[in-house]
Number of protein chains: 2
Amino acid sequence: MSMIETPYLLFLGDAPDQLAAKVAIGIKDWRPENAVGQFRMEGCGADLGLTDMSLVEGRKAGAKTLVIGVANRGGVISQEWKKVLVMALEEGYDLASGLHNLLRDEPDLVAVAEACGRTLHDVRVPEVDYPIANGVKRKGKRCLAVGTDCSVGKMYTALCMDAEMRARGMKSTFRATGQTGILVTGDGVPLDAVVADFMAGSVEWLTPDNDEDHWDHIEGQGSLFHVSYSGVTMALIHGGQPDALVLAHEPTRDHMRGLPGYSLPSLTALRDTALPLAKVANPNCEVIGISVNTQHMGEDEAKAYLAELEAEMNLPATDPFRFGAGKLVDALAAL
Amino acid sequence: MSMIETPYLLFLGDAPDQLAAKVAIGIKDWRPENAVGQFRMEGCGADLGLTDMSLVEGRKAGAKTLVIGVANRGGVISQEWKKVLVMALEEGYDLASGLHNLLRDEPDLVAVAEACGRTLHDVRVPEVDYPIANGVKRKGKRCLAVGTDCSVGKMYTALCMDAEMRARGMKSTFRATGQTGILVTGDGVPLDAVVADFMAGSVEWLTPDNDEDHWDHIEGQGSLFHVSYSGVTMALIHGGQPDALVLAHEPTRDHMRGLPGYSLPSLTALRDTALPLAKVANPNCEVIGISVNTQHMGEDEAKAYLAELEAEMNLPATDPFRFGAGKLVDALAAL
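This one's a predicted model, so the numbers in the text were calculated from it and none came from an experiment.

### A short note on the overall build of chain A
Turning to step 1, where the next piece is worked out: Counting its secondary structure elements, chain A contains 12 helices and 11 strands.
Turning to step 2, where the next piece is worked out: By the compact-globule yardstick of 20 Å for 335 residues, chain A fits well, its C-alpha radius of gyration being 20 Å.
Turning to step 3, where the next piece is worked out: Once the C-alpha set of chain A is aligned to its principal axes, its extents read approximately 55 × 45 × 45 Å.
Turning to step 4, where the next piece is worked out: Relative to its full complement of 335 residues, chain A shows a buried share of 58%.
Turning to step 5, where the next piece is worked out: Pairs at least 24 apart in sequence give 76% of the contacts found in chain A among residues at least 6 apart.

Structure, rendered in structure tokens:
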């Protein structure tokens, strides 16, 4: 993945509602300095509260890339979108997208981009020849969230911890391994699209030597207990050489995401499975805390649940998005 | 991977020695019925003891595919090889190869194959759109060897067990997941070249529903303790849903292959790591025995080591290639 040039103008297109603009919301929440404004088409039902700008106004405000921050309907890039995207290239924007429907598969966009000397970024497609992992110990510190299931808040955990560390003046970098994370930060590794032999190597590549007091917050993927994606999680644990693991959990699920009949492991089982595997690559690794996605719980219920977990597991527990990542960062600082 | 048509004529080219013909030897050892003869060029230092045949003689003997059973020098397909390969296509052979230098990247071979209506099989390249794993329990039984390290004899273990079962009249299939295995059997999944998200799904695809008393012997890859490839191993454990695990080990290594500084895990650690992970996909999974690669030990030493292991681990232990796979198959039959 070549670096995506910032700042962005966020393309919301004709998004029917706020939910469809999830990627744009992620960028605005986590890297507001990367978003100079929003571009909305007629009938757009999403609004990030950013300044509405035309393509020309966006360029004047400094935007270098038009980021498609919205899901497309029916899996195709519509003619209405195309008009805007072609104009954007002609105005001097690069385009960046995490859509399944790749920009590079649209001959008209490719031709215009070439003619204008602009770049099309499809963040689902690896563009680097990653090495095979060599397991050599790297300088600096790394933190990885591992989940009882997929989609339990591992990316938000990493982003929250990174934001908290930077707010405290600590050295910290969020390392994206998925489409949204890559668009939020402008670079990363689209790990689920990397060829098997190079998965762990791509994670090593993503988290190179750094200052001894610098923390990489590596975006987690999948779960050791999710049979569809556990290999990807394994590569993060061994390629990432984490010094610290955070256990991530969503307590209201009754089965693994997309796998009816598979129940979620306990946090104890997750700890006892992930930590010995992590110690293969980094014998000093420790489990430092628990991150709970409490979005489906009332505030009192969430707080009671977290207090109970802390007593049971003898680890700090928080919902970093709702109650802050302070406890988790304290635990890292104490290592 | 589309099925490679058998039987084969084995191309040994100008192999400097027997070692360079490793793939051809594997085919001759494990599927002698697939090899009608060998084709050797001037100066060839390898000899499988098969009938030397010209391309025309091979076709008359029924050969459908010329398999490149030898490593090429310097990573390129030489002009001398090309002459033979082009003639083979013209004689009506398909070509199959596990070389890094792909057949399909040679414009002359592609053009001739097209003109003659023949197929070029590069077994390093997946040709199937594998699904994402769904974890649904499949009928029939599956056995997987997991290793303390890479290259400790997992493929030979599976091939030996498969051969022993078939000799006993039991229902059994070897399922190839690597280049050599695919060339030996004519099909399989080149797992190390599959995109991360589809690894476990490709293993499900490879080992579909079958008779309740049928065993798939899935070729293992990597090791849970090898940081470069552990994700691939994980996908085999979860995609394969094994009913039985065999622990594979090579006792004379002093560090993990290609990873100086990483020591091998004990067989106990391997058992205690692999079995709980396997039970996620198949709660009935059991560790049924130990396969030791004793090629660097004298016969008495090997036998003493195996006896010691059996007492220590309370599991049958053998070198299936040297002493037969009977003990391991007995253990499967007793499940």
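Back to the text.
### With respect to the sheet that holds strand E2 (residues 35–40) of chain A
Residues and elements named next belong to chain A.
Turning to step 1, where the next piece is worked out: Judged by pairing direction, the sheet is parallel, and its five strands sit side by side in the order E2-E1-E3-E4-E5 without closing on themselves. For this open sheet the edge positions go to E2 and strand E5 (120–122), each flanked by a neighbour on one side alone. On average, each strand axis in the sheet is tilted by 20° relative to the strand beside it, whichever way the strands run.
Turning to step 2, where the next piece is worked out: When strand E1 (residues 8–13) meets strand E3 (residues 65–68), the two strands line up parallel, connected through four bridges. Each bridged residue has a counterpart across the sheet, and for Tyr 8 the counterpart in E3 is Thr 65.
Turning to step 3, where the next piece is worked out: Sheet contacts for helix H1 (residues 22–30): E1, E2 and E3; angle to E1, the most-contacted strand, approximately 150°.

### Points about the interface of chain A and chain B
Frequently, the measure chosen for interface size is the accessible area removed from exposure when the parts meet.
Turning to step 1, where the next piece is worked out: Between chain A and chain B, the contact holds 32 residues from the first and 32 residues from the second.
Turning to step 2, where the next piece is worked out: Where chain A meets chain B, there are zero salt bridges.
Turning to step 3, where the next piece is worked out: Counting the contacts that link chain A with chain B gives 10 residue pairs in polar contact (both at pLDDT 80 or more).
Turning to step 4, where the next piece is worked out: Every element with two or more residues in the side of chain A that touches chain B is listed here: helix H7 (199–206), helix H8 (230–240) and helix H9 (267–281) of chain A.
Turning to step 5, where the next piece is worked out: Its residues placed into classes, the side of chain A that touches chain B shows 21 nonpolar, nine polar and two charged.

### Observations concerning the pattern of salt bridges
Turning to step 1, where the next piece is worked out: On inspection of all chains with the given rule, the structure shows 40 salt bridges over all chains.
Turning to step 2, where the next piece is worked out: Here Lys 137 of chain A makes a salt bridge to Asp 243 of chain A, at a shortest N to O gap of 3.8 Å. You can see Lys 137 of chain A sitting in the loop between E5 and strand E6 (141–147) and its partner Asp 243 of chain A sitting in the loop between H8 and strand E9 (244–249), a full 106 residues away along the chain.
Turning to step 3, where the next piece is worked out: When its relative accessible area of 48% is taken as the criterion, Lys 137 of chain A is described as partly exposed.
Turning to step 4, where the next piece is worked out: Judged by its relative accessible area of 8%, Asp 243 of chain A falls in the buried class.
Turning to step 5, where the next piece is worked out: Between Lys 171 of chain B and Asp 213 of chain B there is a salt bridge, with its nearest N and O atoms 3.0 Å apart. One end of the pair, Lys 171 of chain B, is in strand E7 (residues 171–175); the other, Asp 213 of chain B, is in the loop between helix H7 (199–206) and strand E8 (214–218), and 42 residues separate them in sequence.
Turning to step 6, where the next piece is worked out: One continuous salt-bridge network, built from bridges that share partners, spans Arg 31, Asp 162 and Arg 166 of chain A.

### Details of the sheet that holds strand E8 (residues 214–218) of chain A
All names here are of chain A.
Turning to step 1, where the next piece is worked out: Reading across the sheet, the six strands line up as E7-E8-E6-E9-E10-E11 and stay open at both edges, with parallel pairing between neighbours. Unpaired on one side and paired on the other, strand E7 (171–175) and strand E11 (317–318) mark the two borders of the sheet.
Turning to step 2, where the next piece is worked out: Strand direction decides the pairing type here: E9 and strand E10 (residues 286–292), joined by six bridges, are parallel. Directly across from Ala 248, in E10, lies its bridge partner Ser 291.
Turning to step 3, where the next piece is worked out: Taken strand by strand, helix H5 (residues 154–167) contacts E6, E7, E8, E9 and E10, and its axis lies near 160° from that of E7.
Turning to step 4, where the next piece is worked out: On the sheet, H9 packs against E6, E9 and E10 and is oriented at approximately 150° with respect to E9.

### Topic: the pairing of strand E10 (residues 286–292) of chain B
The two faces of the sheet receive side chains in turn, since in a regular strand these alternate between them.
All names here are of chain B.
Turning to step 1, where the next piece is worked out: Of all seven residues making up E10, six are buried, and the element is well covered by its neighbours.
Turning to step 2, where the next piece is worked out: Once the chain exits strand E9 (residues 244–249) it traverses helix H9 (residues 267–281) before rejoining the sheet at E10, and the crossover so formed is right-handed.
Turning to step 3, where the next piece is worked out: Sheet analysis places E10 next to strand E11 (residues 317–318), joined by two bridges and oriented parallel. Bridge pairing links Ile 290 to Ala 317 in E11.

### With respect to the side chain of Asp 197 of chain B
Turning to step 1, where the next piece is worked out: Here Asp 197 of chain B is to be found in the loop between helix H6 (179–185) and H7.
Turning to step 2, where the next piece is worked out: No salt bridge is formed by the buried Asp 197 of chain B. Its closest oppositely charged neighbour is Arg 124 of chain A, at 6.7 Å.
Turning to step 3, where the next piece is worked out: Beyond its immediate sequence surroundings of up to four residues, Asp 197 of chain B is in contact with Asp 192, Ser 228 and Tyr 229 of chain A together with Ile 132 of chain B.

### Here's the deal with helix H5 (residues 154–167) of chain B
Residue and element names in this part refer to chain B.
Turning to step 1, where the next piece is worked out: Relative to the 20 Å expected for 14 residues at 1.5 Å per residue, H5 spans 20 Å between its end C-alpha atoms, a close match to the ideal helical length.
Turning to step 2, where the next piece is worked out: Within the span of H5, buried status applies to Lys 154, Met 155, Thr 157, Ala 158, Leu 159, Cys 160, Met 161, Asp 162 and Met 165.
Turning to step 3, where the next piece is worked out: Once H5 finishes, Gly 169 follows within two positions and takes phi at roughly 80°, a positive value.

### A short note on the packing of aromatic side chains
Turning to step 1, where the next piece is worked out: Tallied over the entire structure, the rule returns 12 aromatic pairs over all chains.
Turning to step 2, where the next piece is worked out: Between Tyr 130 of chain A and Trp 205 of chain A, the aromatic rings sit 5.3 Å apart at their centres with planes inclined by 70°, giving edge-to-face as the arrangement. In this pair, Tyr 130 of chain A is assigned in the loop between E5 and E6 and Trp 205 of chain A in helix H7, connecting sequence segments 75 residues apart.
Turning to step 3, where the next piece is worked out: With a centroid separation of 6.1 Å and 45° between ring planes, the pair formed by Trp 30 of chain B and Phe 321 of chain B is classed as tilted. Taken together, the positions of Trp 30 of chain B in helix H1 (residues 22–30) and Phe 321 of chain B in helix H11 (residues 320–323) put the pair 291 residues apart, joining distant regions of the chain.
Turning to step 4, where the next piece is worked out: Through a chain of ring-to-ring contacts, three or more aromatic side chains come together here, namely Phe 11, Phe 39 and Trp 81 of chain A.
Turning to step 5, where the next piece is worked out: One cation-aromatic arrangement involves Arg 59 of chain A over Tyr 93 of chain A; the distance from NZ or CZ to the ring centre is 5.7 Å.

### Points about the relation of the copies chain A and chain B
Turning to step 1, where the next piece is worked out: Mapping chain A onto chain B leaves a residual RMSD of 0.0 Å; the transformation is a rotation of 180° accompanied by 0.0 Å of translation along its axis. Seen this way, the second copy is the image of the first under a two-fold rotation axis.
Turning to step 2, where the next piece is worked out: Both copies present the same face, since 100% of the interface residues in chain A are matched by interface residues at the equivalent positions in chain B.

### Some remarks on the nonpolar core
Turning to step 1, where the next piece is worked out: If you look at the biggest cluster of nonpolar residues, it comprises 94 residues, and the most contacted ones within it are Leu 245, Leu 247 and Ile 290 of chain A together with Leu 245, Leu 247 and Ile 290 of chain B.
Turning to step 2, where the next piece is worked out: Among the nonpolar cores identified, the runner-up in size contains 65 residues, and Met 53, Ala 63, Leu 120 and Ala 331 of chain A belong to it.

### Considerations on the packing of helix H3 (residues 79–91) of chain A against helix H4 (residues 107–116) of chain A
Residues and elements named next belong to chain A.
Turning to step 1, where the next piece is worked out: Contact pair H3 / H4: the axes reach a minimum separation of 9 Å and the direction vectors enclose 15°. Taken together, H3 and H4 sit at an angle that is classed as roughly parallel. Relative to H4, the crossing made by H3 is right-handed. Contacts between H3 and H4 involve Lys 82, Leu 85, Val 86, Leu 89 and Glu 90 from the former and Asp 108, Leu 109, Val 112, Ala 113 and Cys 116 from the latter.

### Section: H9 of chain B
Turning to step 1, where the next piece is worked out: A rise of 1.5 Å per residue sets the reference length of H9 of chain B, with its 15 residues, at 21 Å; its end C-alpha atoms lie 22 Å apart and thus fit the reference within 8%.
Turning to step 2, where the next piece is worked out: Those residues of H9 of chain B that are buried lie in contact with H9 of chain A together with strand E6 (141–147), helix H8 (230–240), E9, E10 and helix H10 (299–313) of chain B.

### A closer look at unusual backbone geometry
Turning to step 1, where the next piece is worked out: Cis geometry marks the peptide bond from Thr 6 of chain A to Pro 7 of chain A; its omega dihedral reads 0°.
Turning to step 2, where the next piece is worked out: Structurally, Pro 7 of chain A is set in the segment before E1.
Turning to step 3, where the next piece is worked out: A positive phi angle is found at Gln 241 of chain A, which is not glycine, with a value near 45°.
Turning to step 4, where the next piece is worked out: Among the residues examined, Gln 241 of chain A registers a relative accessible area of 0% and is labelled buried.
Turning to step 5, where the next piece is worked out: Even without glycine at this site, Ser 151 of chain B takes up a positive phi of about 50°.
Turning to step 6, where the next piece is worked out: Considering the arrangement of structural elements, one finds Ser 151 of chain B in the loop between E6 and H5.

Quick notes on the rules
- Residues numbered from 1 in each chain as written.
- Chains lettered and ligands numbered in written order.
- Predicted model: local features only at pLDDT ≥ 70, side-chain atom pairs only at ≥ 80, totals over all residues.
- Heavy atoms only, no water.
- Helix = DSSP H or I, 4+ residues; strand = E, 2+ residues; numbered from the N terminus.
- Rg over C-alpha atoms; globule rule 2.2 N^0.38 Å.
- Buried < 20%, exposed > 50% of the residue type's maximum accessible area, 1.4 Å probe, protein only.
- Contact = heavy atoms within 4.5 Å.
- Pairing = 2+ DSSP bridges.
- Axes fitted to C-alpha atoms, helices over the stretch in contact; angles between N-to-C directions.
- Salt bridge = Lys/Arg side-chain N within 4 Å of Asp/Glu carboxyl O.
- Polar contact = N/O pair within 3.5 Å; in protein donor to acceptor, adjacent residues only side chain to side chain.
- Nonpolar A, V, L, I, M, F, W, Y, C, P; charged D, E, K, R; others polar.
- Right-handed = clockwise from strand over helix to strand, strands pointing away.
- Lys, Arg positive; Asp, Glu negative; His and termini not counted.
- Expected span 1.5 Å × (residues − 1).
- Phe/Tyr/Trp six-rings, centres within 6.5 Å; stacked < 30°, edge-to-face > 60°.
- Lys NZ or Arg CZ within 6 Å of the ring centre and 35° of its normal.
- Least-squares fit on C-alpha atoms with pLDDT ≥ 70 in both.
- Core = buried A, V, L, I, M, F, W, Y, C linked by side-chain atoms within 4.5 Å.
- Parallel < 35°, antiparallel > 145°, perpendicular 65-115°, else oblique.
- Left-handed = near helix turned anticlockwise from the far one by under 90°.

By themselves, these observations are geometric and do not establish any function.
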